[in-house]
Amino acid sequence: MVYCNECEKKTEATSGCDMDTFPQILVLLLKRFELDFNTMSYFKSDCSVDVPYTLEKKDKKYSLYGMVNHYGSLRGGHYTATLLSNEDKTWYEFNDEAVNKYAILVSDILRNQLINYE
């Protein structure tokens, strides 16, 4: 919800962008915080996000091979990384000094969907 100066009310809003040229490696950052209009402060969103395993745009195809995860609040927390190994095609979680095979199948989490953004 954002405040609209024209209608003088809080209203739903969307935004978007389009790429003219496509990079070799595509990095996506998900904004995971929202403004609470009652307290006028930001809070971390716990809503679930479907991330496709593969993205296609025109002649470019991107496959997911890494994720950075944040646990905690906006004021602090902990980061881990989950990466797909080129050598054995296994997902690994990197958490400080510990490296472990990912306990849950990432393809199950991401539902291994092919999304075509035309």
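The coordinates are above.
These numbers come from a predicted model, not from an experiment.

(A) The state of the cysteines, seen in detail. Scanning all chains against the criterion turns up 0 disulfides. Note on Cys4: no disulfide assigned, nearest cysteine sulfur contributed by Cys7 at a separation of 3.5 Å. Overall, Cys4 belongs to the partly exposed group, its relative accessible area being 22%. Using a relative accessible area of 40% as the deciding quantity, one classes Cys7 as partly exposed.

(B) Layout of the pattern of salt bridges. Considering all chains together, one arrives at 1 salt bridge under this definition. Between Lys57 and Asp18 there is a salt bridge; the shortest N-O distance is 3.7 Å. Here the residue Lys57 occupies a position in strand 5 (residues 54-57), and Asp18 occupies one in the loop between strand 2 (9-11) and strand 3 (33-36), the gap between them amounting to 39 residues. Classification of Lys57 as buried rests on a relative accessible area of 17%.

(C) Region of interest: the environment of Val99. Within the element layout of this structure, Val99 appears in strand 10 (residues 98-101). A sequence separation of 17 residues divides Val99 from Thr82, and the C-alpha atoms of the two residues are 9.5 Å apart.

(D) Layout of unusual backbone geometry. The backbone of Lys58 sits at a positive phi, close to 50°, despite the residue not being glycine. Along the polypeptide, Lys58 turns up in the loop between strand 5 and strand 6 (60-63).

(E) Broad picture of a nonpolar patch on the surface. A grouping of Ile25, Val27 and Tyr65 is seen on the molecular surface, where their side chains present a nonpolar patch of about 340 Å² in accessible area. Counting through the fold element by element, Tyr65 comes out in the loop between strand 6 and strand 7 (66-73).

(F) Representation of the pairing of strand 6 within the structure. Sheet topology note: the strand 5/strand 6 ladder contains 4 bridges and is antiparallel. Its bridge partner being in strand 6, Lys57 is matched across the sheet by Lys60. Between the antiparallel neighbours strand 5 and strand 6 lie 2 residues, among them Lys58 with a positive phi of about 50°.

(G) Structural view of the sheet that holds strand 8 (residues 76-84). Read from one edge of the open sheet, 4 strands run 7-8-9-10, paired in antiparallel fashion. Looking at strand neighbours, the two that pair on one side only are strand 7 and strand 10, the edges of this open sheet. Between one strand axis and the next, the sheet turns by 25° as a mean value, whatever way the strands run. Two strands pair when backbone bridges link them, and strand 9 (residues 91-95) and strand 10 are joined in this way by 4 bridges, in the antiparallel orientation. Paired with Glu93 across the two strands is Asn100, which belongs to strand 10.

(H) Local environment of the packing of aromatic side chains. Summed over the entire model, instances satisfying the criterion amount to 1 aromatic pair. When the ring of Phe33 is compared with that of Tyr42, the centres are 5.5 Å apart and the planes differ by 85°; the resulting orientation is edge-to-face. Look at Tyr42 and you get partly exposed, because its relative accessible area is 49%.

Parameters and conventions
- Residues numbered from 1 in each chain as written.
- Predicted model: local features only at pLDDT ≥ 70, side-chain atom pairs only at ≥ 80, totals over all residues.
- Heavy atoms only, no water.
- Disulfide = S-S within 2.5 Å.
- Buried < 20%, exposed > 50% of the residue type's maximum accessible area, 1.4 Å probe, protein only.
- Salt bridge = Lys/Arg side-chain N within 4 Å of Asp/Glu carboxyl O.
- Helix = DSSP H or I, 4+ residues; strand = E, 2+ residues; numbered from the N terminus.
- Patch = residues over 30% accessible without salt bridge, like charges linked within 9 Å, V, L, I, M, F, W, Y side chains within 5 Å.
- Areas by Shrake-Rupley, 256 points an atom, 1.4 Å probe, with all protein chains shown as cover.
- Pairing = 2+ DSSP bridges.
- Axes fitted to C-alpha atoms, helices over the stretch in contact; angles between N-to-C directions.
- Phe/Tyr/Trp six-rings, centres within 6.5 Å; stacked < 30°, edge-to-face > 60°.

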